[in-house]
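Structure assessment
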Amino acid sequence: MTPTEARQESGEVIAKLRSLDESAVPTPPSPSSVECGPHPDAGVEFHWVIQGAAAEDPREHSARAVTALKAAGFSTNETTSELNDERPLYFVGGESPSGVQVALSASAVNTVLQVSSACSDGDADDSG
């Protein structure tokens, strides 16, 4: 997989999740790139952290995210915990067969999406 393919695959996942609620998952910033693999020159992966507004119904938003991720072939897991003020925090994690990883947290406070691409050939200086 090339760096361009890794960024594109991850970008498609972000676009699917943005389509659920663009205020909860706003336009992503440029990703950061880091070296991956057992050796410094083994590859590159890209990371996005996107913070948005609270979804109108965080529980429903996380349920729709699970459906979208499963439709895209991701394995998923879900948990519910509480914020310090005892309001619920819904977490969805997922991983694609190629290695894209997704973590989505939705609450009455905000929505946070973290995406990591698969490790691809190249180095952290590759912009894709």
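Above: the structure in question.
Since we're looking at a predicted model, the values are computed, not measured.

A few points about the overall build of the chain
- The helix and strand inventory of the chain stands at two helices and six strands.
- Written out in order from the N terminus, the α and β elements of the chain read α-β-β-α-β-β-β-β.
- For the chain, the spread of C-alpha atoms along the three principal axes comes to 45 × 25 × 25 Å.
- Considering the chain as a whole, with its 128 residues, one finds that 38% of them fall into the buried category.
- A sequence separation of at least 24 residues applies to 56% of the contacts in the chain between residues at least 6 apart.
- By element, 46% of the accessible surface of the chain is carried by carbon and sulfur atoms, the whole surface being about 6,900 Å².

A closer look at the nonpolar core
- In terms of nonpolar packing, the biggest core is built from 22 residues, with V13, L17, L69, V102, L113 and V115 touching the most fellow members.
- Of all elements in the fold, only α1 (3-18), β2 (44-52), α2 (58-71), β5 (101-107) and β6 (111-116) reach the threshold of two or more residues within this core.
- Once you skip the residues sitting within four places of it in the chain, L113 turns out to touch I14, L17, V25, W48, V49, I50, V102, A103 and L104.

Examining the side chain of S107
- Among the secondary structure elements, S107 is positioned in strand β5.
- Reaching out from S107, the side chain makes a polar contact with the backbone nitrogen of V109 at a distance of 3.1 Å.
- Discounting residues that sit within four places of it in the chain, S107 has contacts with A54, A55, P58, L83, P88 and L89.

With respect to the state of the cysteines
- Throughout the structure, instances matching the rule amount to one disulfide.
- C36 shares a disulfide with C119; S-S distance 1.9 Å. Across the disulfide from C36 to C119, rotation about the S-S bond amounts to roughly 85°, and the bridge is consequently right-handed. Taken together, the residues span a long stretch of sequence, with C36 in the loop between β1 (32-35) and β2 and C119 in the segment after β6 at a distance of 83 residues.
- We classify C36 as buried; its relative accessible area is 8%.
- Residue C119 is classed as partly exposed on the basis of its relative accessible area, which comes to 40%.

Conventions adopted
Just so you know, the residues in each chain are numbered from 1, in the order the chain's sequence is written. Whole-chain, interface and lining totals are the exception, using all residues; otherwise, since this is a predicted model, local features are given only for residues with pLDDT of at least 70 and side-chain atom pairs are given and counted only at 80 or more. In computing side-chain values, all of the structure's heavy atoms are included and hydrogens and water are not. Note on conventions: DSSP H or I runs of at least 4 residues are helices, E runs of at least 2 residues are strands, and numbering of each starts at the N terminus. Three labels apply to residues, based on accessible area from a 1.4 Å probe with only protein chains included: buried if under 20% of the type maximum, exposed if over 50%, partly exposed otherwise in between. Contacts between residues were defined by any pair of non-hydrogen atoms, one from each residue, lying within 4.5 Å. All accessibility values rest on the Shrake-Rupley procedure with a 1.4 Å probe; residue burial counts only the protein chains present in the view. In this text, buried Ala, Val, Leu, Ile, Met, Phe, Trp, Tyr and Cys residues form a nonpolar core when linked through side-chain atoms within 4.5 Å. Identification of polar contacts relies on pairs of N or O atoms within 3.5 Å, with a donor-acceptor requirement for protein atoms, meaning one able to donate a hydrogen and the other able to accept it, and with residues adjacent in sequence counted only if both atoms are side-chain atoms. Cysteine sulfur pairs qualify as disulfides if the two atoms are within 2.5 Å.

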